Structure formats: C-alpha cells, structure tokens
Amino acid sequence: MKKRVKNILLIFILILVLNLSGVLALCGDNVVESVEECDLGDINNGDGCSSLCQMENGWYCFLDPKICRTHCGDGISEGGEQCDDGNTLDGDGCNNQCIIEIEYMCGDVNNVKSACSDGVDNDNDNLIDLNDPGCIDIYDSVEKEDSIYVSLGGSNSNLGTKSSPFATLEKARDASRQKISSGLTNDLVIVIREGEYILNEVFELNEQDSGNNGHFVIWRSYPGEEVKITTAEILDNSKWENWNGNIYRMRISDGREFFTMLEEEKRSYIAQEPDWDPNTLNGNILLTDGQRMISLNEQYKNRFRFRNGDLNPDWDYSNVKVSMWHGDFAINLVYIKNITFGNERLIVLENDTAYLIPFSQLGQNVSSYYANNMYRLQNSLSFLDIPGEYFIDENENYLYYYPWDSDFKNKNIYVPRKGFVFRIKGDSDNFTQNIQIKELSFFGNDYVDSAIGNKFHGSNIADNSLLFAENAKNIIIKDSVFRNSGLVSIFFRNVEQSEISGNVIEKSGFDGIFVSGSNNVVSDNDIKEIGMIHLTARGINENSWTSGVYANNTLKSNDLKDIGYTGIAFNGGGSIALDNEISEFVK
C-alpha cells in the first residue's frame, strides 16, 4: 500500500514539473495559451508583453493581429508616447498622438501649479481660480479669458458683459461669431447665468462657432449656478378641466403629438396596456401568438395574431399604436390599421416593422426562442387608468391626463417639441471644432421610433438626443447633467479626438451615450436609469466599426447602474474599456 501511494505521488510530481516547465518554455513561442495574456515570440520586457507573457502596464495586446500597443488617451504614458493626459484633444499640451505640443512642458500634474490653482486673480476680474469662468479645471494654464454673458434678466440690446448681459443664447452666439471671425487670442467663454432657458428651436453651433488659434469656445454656467436648457413646452395649467374622476383634459393645437411628457422631473407615459411605470421600469407585456402563425406558415412585417383573451373587444383602437419587440433588441412603434376578433384574432398595421413577425434575423428561420414577439398597445382612452398616463385624441385635439400628484396644477408640465435640444454640427469636409460644454443641464426632448427601416440589430438608431454632435473634433462635454431624454442623452456621430467626462446622465428614454467616431474618451460619467421608454438600451453604445480601421476610443472609469439591456456595447476596432463599474440590469 505504501509503495502504491509513493508511486502515485511520484507520478503527480512528475506531471506537475512537466506542466510547469511547459508553461515556462511556452512563453516566447508566439502562441498564446494557458495563463499567458500575450506572446510576441520573445521574452523581452518593454514591448508590451513581459518576459512572463503578461501585458505590461499601459499596453494592450491583441490576438489578431498579434500585436501589443499603447492607447493614447488612457492616462498612462508608455512606449513611444511623450505624454498622456487622459484625452485625445489637441491644444492642451499633449496632442491626439500623445506628443508634447510646441511651447508646452508636460510632467506630473500634481506638481504643476497653474493660473487656475495659484490663489491669485491673474486677470483682475475679482474672480480667483475655479470661481473664474475662464478656469475649466485646476490644470488650466491661463485664467485670462474673453467673456460674453447671458442672463434671463438681460436684454439683447445690452453689451453682453457681466453687468450688461444678453438675454438669449442666440444673441450670445451672434456676438461670439464676430469675435471668432477676427481670430481668438484667448479662450472665448460664453457665461450663462442661472435659470431655465426654454428654447423654441434647437440651438445649433456650426463651423462659424469653432475655436481657433489653439483656443476654445466654451459654453458654461456661471460657477456655482444651475442652468437648465430645454426645447420642451410648459403647458398652461389654467386650461385643464376635470373630465372624469382623477382624469383631466385640455385642448391642444391641431396635429400636436408627443411620445413622453414630464410632471416636473417625473416622467409620464402614453396610456397603454398592459400598464407600465417608466420611472421604475415595472410592468407586464403581451406575447403574439407566434406558434399559431408558424403553424399557418405566416410571417409578415405588417400584421400579427394575438392570443385569445389578451385584448378586450370593447376597447377603442382608433388611435392605438403597437410597441413591437423583435427578438430582444429592436422595438418599433406602429399604428394599428384594423383589428379582427373572433377566431381570426388578427392585427394589421399601417406600416411595415423593421423585421418579420414572428421574428427572424437576416433571412434565418424562426427559432422557437423568438417565435412569440413581445408587444404593448399604446394611446387609447380605454387604457388611461393609472397615475402618470396620458392620451392624445388626435381627432378632437384633446390631451387627457391622469396626474401623478393631485397638486399637479401648481407644477410645471413639460411636453417636448423637438427631437434635439443642443446640436454641434459640421460638414464632412469642414469639421466644427474646439468647443467645450461645461456645467450645463439639458432635459426634455422627444422620443421617436428608432428602428423602422433598419436591418441590422437596431444599431443605426435615430439621432434624436439632448446633445448631438456630428462631423466635429476637439469637443469637450464636461461636468454637465443630461436628464429625461426622450431617446439618447449624448450622441456623437463621426466625431474625433473628443471627450465626454464627469457628466451625470440619467433617466434616458434609450441609450445614455452613443459614440461613433475615433480617438474619443468617455470617462468618469455617472450613468443610471437608462431605457425608460425603449428598454433595449445601452448605458454606453460605442458603435464605430469600419472595416480595417481602428476607432481607438477609450471608455474608462464610468459608473453604470439600472440599465435596460446592456451596460457597454462595443463595435469599434481597437477601442478599450477600463475600470468601468456596471450593476443592476433591468433585463
């Protein structure tokens, strides 16, 4: 017995030695296996893959192609990088290739005292350091700035100074364009004083509003003051009349429609069945009779069969829309053309949905998992039965509402007018650039169906957003608040070398942040309660894929919580995610 145990022990030791020697021998053979994170065919340090075949700090190694490289914008200066300040912006001392710019000296920022952290009033405006609108952060190299002031109590016939401010953002933009066209010698700061700015139209910046000569145009609140910007309309509460019990109504203009509304900051929703609370993301859902459609060899984009007992023939279906799910990622919102009860149990839609019903993807056969589409019915007076719901009678031009609070007439009721609030837009051959948005709050744009006509996973979504940027670079969105968007909160399309950092993004109807472009940094954002209307939502949707091209976007140190579907979705080659915290999904 002792001899047998001794033999087994010797065999075990021999196997262990062989395995260990195999691991040691394998490092450097250009094959990644076992506990190796990388293998470049050598055992040298300093090339990204250490002598133990582990990734070195500040390096990122890939299997196809088998390379290791640094990532400019991750805040770690390694390899051939001369500097790395955590972004890919030009004009801040460390450019988008992580090379030190002319007339700058880079080092440990903790040991550098700038004009915005020295306790001195450097520009004689009686404002010091971060209390000066010219200071974006404590590392700003200069405190001196050229300022234009806006205040709700101002006048557009004023001078636009601190003591004589303009009244509107549009007037400030006109004045800033005059300064920009003459060439900037300092950062130009548009300082917005506290209050709620209700815009009749989307506010847009274009190439005329770009910073130049290495200087930024900065749109920000006055330090310590809250500025809210929206394109939503505040309803006149004196027009409400009691209609039936807890339900009130008011006349609205002909053709007026909207897909979400707010009672102060609490979202209200189109009346629907089954009931749904968008503030808690709680409620039930209906299923199509997919098995019956399969047995009948039926598959359509504009009709489906419903289950016996699900729908009430006494309900009014004249203005009803179907919120139809395809698989578990795309949702369409389509009007009902007609409905048949009895043995047929058939709903015909006015328009096609994006996918076939029952659902199949890219020509594949219907799977048993997706045989039954999920759906809800929306917008009927018959459905108006719980607080927070509303119904729009398009024939009589009435808005019916079951308010959250019995004291709702003393609160602001916001209804969106536009799909956007703030837009930064350039041309494909002439990018808008060098613009910063700091410490502003945005809310209250509308929801639109995001997948009609799209054939690929619902990824080419509508670009409605609180803040939208397209064909732009060196754009900084920082320390701002984005709340209660109808669809996306921040949307970047074809944006380069830009930064979204330190923002609070919450209660989005769909995605929190959508990024399409290259060399962008999305960092230190607090993102929560995402997908309050369109539940198949992503906290951050990095969608920058182009064949053979590295997007090189960096998503780091973001806190994501209460997300409808996916915390972070990646589709850009060469992009990385670092130290993000994701928790508490709805799905």
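As shown above, the structure is provided for reference.
Scope of this entry: the structure provided in the associated data block. (Residues numbered from 1 in each chain as written. Predicted model: local features only at pLDDT ≥ 70, side-chain atom pairs only at ≥ 80, totals over all residues. Heavy atoms only, no water.)

1. Here we look at the sheet that holds strand 30 (residues 481–483)
Pairing between the strands of a sheet comes from backbone hydrogen bonds, and it takes one of two forms, parallel or antiparallel.
(1) Moving on: Across the sheet, which stays open at both edges, the eight strands sit in the order 5-8-28-30-33-36-39-42 with parallel pairing between neighbours. Unpaired on one side and paired on the other, strand 5 (195–198) and strand 42 (581–585) mark the two borders of the sheet. Shown here is a sheet whose adjacent strand axes are inclined to one another by a mean of 10°, direction ignored. (Pairing = 2+ DSSP bridges. Helix = DSSP H or I, 4+ residues; strand = E, 2+ residues; numbered from the N terminus. Axes fitted to C-alpha atoms, helices over the stretch in contact; angles between N-to-C directions.)

2. Quick word on the sheet that holds strand 25 (residues 413–415)
(1) Moving on: In spatial order, the strands read 9-25-12-13-23-24-11-10; together these eight strands make up an open sheet with mixed pairing. Where the open sheet ends on each side, the last strands, each with one partner, are strand 9 (233–234) and strand 10 (241–244).
(2) Moving on: Bridge count for strand 13 (residues 266–270) against strand 23 (residues 389–393) is two bridges, and the pairing is parallel. If you follow Ile270 over to strand 23, its bridge partner there is Tyr390.

3. Thoughts on the nonpolar core
(1) Moving on: The biggest cluster of nonpolar side chains holds 81 residues, and the ones touching the most others in it are Trp219, Leu399, Ile437 and Phe442.
(2) Moving on: In this view, Trp219 contacts Leu169, Ala172, Arg173, Ile190, Ile192, Phe203, Leu205, Ile435, Gln436, Ile437, Lys438 and Leu440; residues no more than four positions away in its chain are not counted.
(3) Moving on: In this structure, Leu311, Val320, Val322 and Tyr375 belong to the second largest nonpolar core, which totals 24 residues. (Core = buried A, V, L, I, M, F, W, Y, C linked by side-chain atoms within 4.5 Å. Buried < 20%, exposed > 50% of the residue type's maximum accessible area, 1.4 Å probe, protein only. Contact = heavy atoms within 4.5 Å.)

4. Thoughts on the side chain of Glu225
(1) Moving on: Relative to the helices and strands, Glu225 is located in the loop between strand 7 (217–221) and strand 8 (227–230).
(2) Moving on: Take Glu225: its relative accessible area is 17%, and that puts it in the buried class.
(3) Moving on: Leave out the neighbours within four places in its chain, and Glu225 touches Arg193 and Glu194.

5. Some words on the pattern of salt bridges
(1) Moving on: Counted by the stated rule, this structure contains 22 salt bridges.
(2) Moving on: For Asp405, the salt bridge is made with Lys411, and the minimal N-O distance between the two is 2.8 Å.
(3) Moving on: Accessibility expressed as a relative area gives 26% for Lys411, which makes it partly exposed.
(4) Moving on: One salt bridge connects Glu470 with Lys425, and the closest N-O pair in it is separated by 3.1 Å. Placement of the pair is Glu470 in strand 29 (residues 465–478) and Lys425 in strand 26 (residues 420–425), with a sequence separation of 45 residues.
(5) Moving on: Among the residues examined, Lys425 registers a relative accessible area of 29% and is labelled partly exposed.
(6) Moving on: One connected set of salt bridges, linked through shared partners, spans Lys228, Glu265, Arg483, Glu506 and Lys528. (Salt bridge = Lys/Arg side-chain N within 4 Å of Asp/Glu carboxyl O.)

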